Each structure stands twice: as structure tokens, then as C-alpha cells.
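Structural overview
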Amino acid sequence: MSDLNKFEEAISRHIAADLYYAATINSKESAVAMAELDILSQTGAGVDKEDPVYIDAVAEQTIFLLLNIDKLYSPLNDVVSESVEGAGSVTYDKTPARIMSARALRLCCLLSKKTLPLARG
């Protein structure tokens, strides 16, 4: 993140800011790095990284990743059901985990509208 002060400000305004502040330094750094890559994958590398909408999108995706780490990287993602003889069985929901925050995606759409596509002829 190029402007950490603006990023910290965006995080502080988030409803789940306490989750970010409670995370370890390593978790925070990893979540921010992954969030930036996620946002760039939606907007392209030419996006203005100083744009407040970009910073808000990265902050939103960072919180999303911290909130959903157990769902995104659980070893149970591959388990459909399990049973124990005499005790019963459990079937798990196999709906794929979302990897992007819906709000971050909307912010990415705003960023995409601000840029003009270049065509080379």
C-alpha cells in the first residue's frame, strides 16, 4: 500500500475495524498484500493507487479476507459428508466460498468506470 496513513484511515472507518486491529502483524500484512492483488485482478495494473476508492476497496477486501480466512482455507472444503457408526452423519454445504467482498467488487466497478480503455491500431 503506497499511502499507509490513508489506508489506516479507511480501515478505521470500517464497521469491522476491530477485527483488523486485533489481528497479528503477519496476518495484517498478508491480508493487505492479498487484498491489493485481488483488487488489481479486478481493475488492472493501470488503476490510480492513490484514488480514495482504490484505498477503500483494498481496505474492504482486507477485512473480508480476515473475516473469511477459515472459510477460504479450511481443510473441510474438500469434505462433503462424514459419518460415525452409531452416532450419525453430517453433510456439509459445498457452496464454493466467495473470494471477493461484494462491496470491494462494487468499488472496483467504480474504479473501472474512471479509466478510459486504450485501443492501439
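Everything below is about the structure shown above.
Just so you know, these numbers come straight off a predicted model, no measurement behind them.

**Points about the side chain of D38**
Along the chain, D38 falls in helix α3 (residues 25–43). Here Q61 takes part through its side chain, which lies 2.9 Å from a polar atom of the side chain of D38. Beyond its immediate sequence surroundings of up to four residues, D38 is in contact with Q61, L65, I99 and M100.

**With respect to helix α4 (residues 52–72)**
The axis of α4 is deflected most strongly, by about 45 degrees, at L66. For α4, the tally of buried residues reaches 15 of 21 residues, placing the bulk of the element in the interior. Near the N-terminus of α4, the side chain that reaches the backbone nitrogen of V53, with its oxygen 2.8 Å away, is that of D51.

**A short note on the pattern of salt bridges**
One pass over the full model with this rule turns up three salt bridges. D56 is paired through a salt bridge with R13; the nearest N and O atoms lie 2.9 Å apart. Separated by 43 residues along the polypeptide, D56 in helix α4 and R13 in the loop between α1 (4–12) and α2 (17–22) bring together distant segments of the chain. The partner of E60 in a salt bridge is R103, with the nearest N and O atoms 2.9 Å apart. Here the residue E60 occupies a position in helix α4, and R103 occupies one in helix α5 (residues 102–114), the gap between them amounting to 43 residues.

**Examining the packing of α3 against α4**
Contact geometry for α3 and α4: axes closest at 8 Å, N-to-C directions at 125 degrees. It follows that α3 is oblique to α4 by the angle criterion. Considering the relative orientation of α3 and α4, their crossing is right-handed. Across the interface between the two elements, S27, A31, V32, M34, A35, E36, D38, I39 and L40 from α3 touch Y54, A57, V58, Q61, T62, L65 and L66 from α4.

**Focus on α1**
Residues of α1 that are buried: F7, A10 and I11. When α1 is viewed along its axis, its buried side chains cluster within an angular range of 100 degrees and face the same direction. Along its buried surface, α1 packs onto α2, α3 and α4.

**So, the packing of α1 against α4**
Viewed as axis vectors pointing N to C, α1 and α4 meet at an angle of 55 degrees, and their least axial separation amounts to 9 Å. As the angle between them shows, α1 and α4 are arranged oblique. The way α1 lies across α4 gives a crossing that is right-handed. In contact with K6, F7, A10 and I11 of α1, α4 contributes I55, D56, V58, A59, T62 and I63.

**Here we look at the packing of aromatic side chains**
Under the counting rule described, the total for this entry stands at two aromatic pairs. Both rings, one in F7 and one in Y20, keep their centres 6.0 Å apart while their planes meet at 75 degrees; by these two values the pair is edge-to-face. You can see F7 sitting in helix α1 and its partner Y20 sitting in helix α2, a full 13 residues away along the chain. On the basis of relative accessible area, F7 is assigned to the buried category, the value being 1%. Measuring from ring centre to ring centre gives 5.6 Å for Y20 and Y21, while their planes differ by 75 degrees; the resulting arrangement is edge-to-face. On the basis of relative accessible area, Y21 is assigned to the partly exposed category, the value being 38%. In textbook terms, an aromatic cluster arises when at least three aromatic residues are bridged by ring pairs, as seen for F7, Y20 and Y21. Taking NZ or CZ as reference, K28 lies 5.1 Å from the ring centre of Y20, over its face.

Rules used throughout
Residues numbered from 1 in each chain as written. Predicted model: local features only at pLDDT ≥ 70, side-chain atom pairs only at ≥ 80, totals over all residues. Heavy atoms only, no water. Helix = DSSP H or I, 4+ residues; strand = E, 2+ residues; numbered from the N terminus. Polar contact = N/O pair within 3.5 Å; in protein donor to acceptor, adjacent residues only side chain to side chain. Contact = heavy atoms within 4.5 Å. Bend = angle between axes of the 7 residues up to and from the residue. Buried < 20%, exposed > 50% of the residue type's maximum accessible area, 1.4 Å probe, protein only. Salt bridge = Lys/Arg side-chain N within 4 Å of Asp/Glu carboxyl O. Axes fitted to C-alpha atoms, helices over the stretch in contact; angles between N-to-C directions. Parallel < 35°, antiparallel > 145°, perpendicular 65-115°, else oblique. Left-handed = near helix turned anticlockwise from the far one by under 90°. Arc of directions from axis to C-beta. Phe/Tyr/Trp six-rings, centres within 6.5 Å; stacked < 30°, edge-to-face > 60°. Lys NZ or Arg CZ within 6 Å of the ring centre and 35° of its normal.

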